[in-house]
Amino acid sequence: MALTLYDTSLISKLENWTSKTNLHLYSVTDTRKLIETIADEKNDSSIKLPIISIIRQAGYEIINPNKKVLTYDGLLLDANEKKSLNLNAIPINITYQIDVWARKFEEADSYMSNLVFNLINYPTLQITIPYNNSNIIHNATIRIATDVFDSSDINRLSIGQYFRLSVGINIDDAYIWDTRVRDVLSLSYIPVEI
């Protein structure tokens, strides 16, 4: 359990920032459909610009692949005489690309500038880890790449039809999560007399 929690939280953050604009937001799973639609000339007219799309790289990087206390005996969430609930974690790095698509370069540039300001000034990403009705909150940090680049010429069929500016972000304090309910062992006390 990891990637979809971060995807959902990132989309929610961007939706909050763009809710009062005419931007359309495409999530990680919808972006694949968006690119297929743009590549298909018959469906190209149905796309409403400007839009923001998010692409997650195929997987994630495991930051520390070694066994640590956090990986097998992490945070104790709840315990009673019979059961204990532990949250174990492995640190990972998730990389995304955020694209701003618009009909005019100036419009794409304006939206990207606002997005960069928001990402730098409000980098906290709040993740809710659901398990057994205990929603644990984890705060992660969005780190923005140092370069914003024009990726308009990626699709040669549509040169000049739209402009696309892209920026990379990563979350290097992300985790994959594992929650375990364990039986609590107890020792019986036997009095010893001398």
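Residues numbered from 1 in each chain as written. Predicted model: local features only at pLDDT ≥ 70, side-chain atom pairs only at ≥ 80, totals over all residues. Heavy atoms only, no water.

1. Focus on the overall build of the chain
- Across its full length, the chain holds four helices and nine strands.
- Taken from N to C terminus, the helices and strands of the chain fall in the order α-β-α-β-β-α-β-β-α-β-β-β-β.
- Taken over 194 residues, the chain has a buried fraction of 36%.
- A separation of at least 24 residues holds for 73% of the contacts in the chain among residues at least 6 apart in sequence. (Helix = DSSP H or I, 4+ residues; strand = E, 2+ residues; numbered from the N terminus. Buried < 20%, exposed > 50% of the residue type's maximum accessible area, 1.4 Å probe, protein only. Contact = heavy atoms within 4.5 Å.)

2. Re the nonpolar core
- Counting residues in hydrophobic clusters, the biggest one holds 36 residues, and the most contacted among them are Tyr-6, Leu-10, Ile-54, Tyr-96, Ile-98 and Leu-125.
- Among the elements of the structure, helix H1 (3–18), strand S2 (51–56), strand S5 (83–102), helix H4 (105–121), strand S6 (124–129), strand S7 (136–141) and strand S9 (163–183) are those that each provide at least two residues to this core.
- The greatest single-element share of this core, amounting to eight residues, is contributed by S5.
- Not counting chain neighbours up to four residues away, the residues in contact with Leu-10 comprise Ile-54, Tyr-96, Leu-125, Ile-142 and Ile-169. (Core = buried A, V, L, I, M, F, W, Y, C linked by side-chain atoms within 4.5 Å.)

3. Thoughts on the packing of aromatic side chains
- Summed over the entire model, instances satisfying the criterion amount to three aromatic pairs.
- Ring geometry for Phe-105 and Phe-163: centres 6.0 Å apart, planes at 80 degrees, overall edge-to-face. Placement of the pair is Phe-105 in helix H4 and Phe-163 in strand S9, with a sequence separation of 58 residues.
- The exposure class assigned to Phe-163 is partly exposed, which follows from its relative accessible area of 27%.
- Both rings, one in Tyr-175 and one in Trp-177, keep their centres 5.2 Å apart while their planes meet at 40 degrees; by these two values the pair is tilted.
- The ring of Trp-101 has Arg-164 sitting right over it, with the charged end atom 4.7 Å from the ring centre. (Phe/Tyr/Trp six-rings, centres within 6.5 Å; stacked < 30°, edge-to-face > 60°. Lys NZ or Arg CZ within 6 Å of the ring centre and 35° of its normal.)

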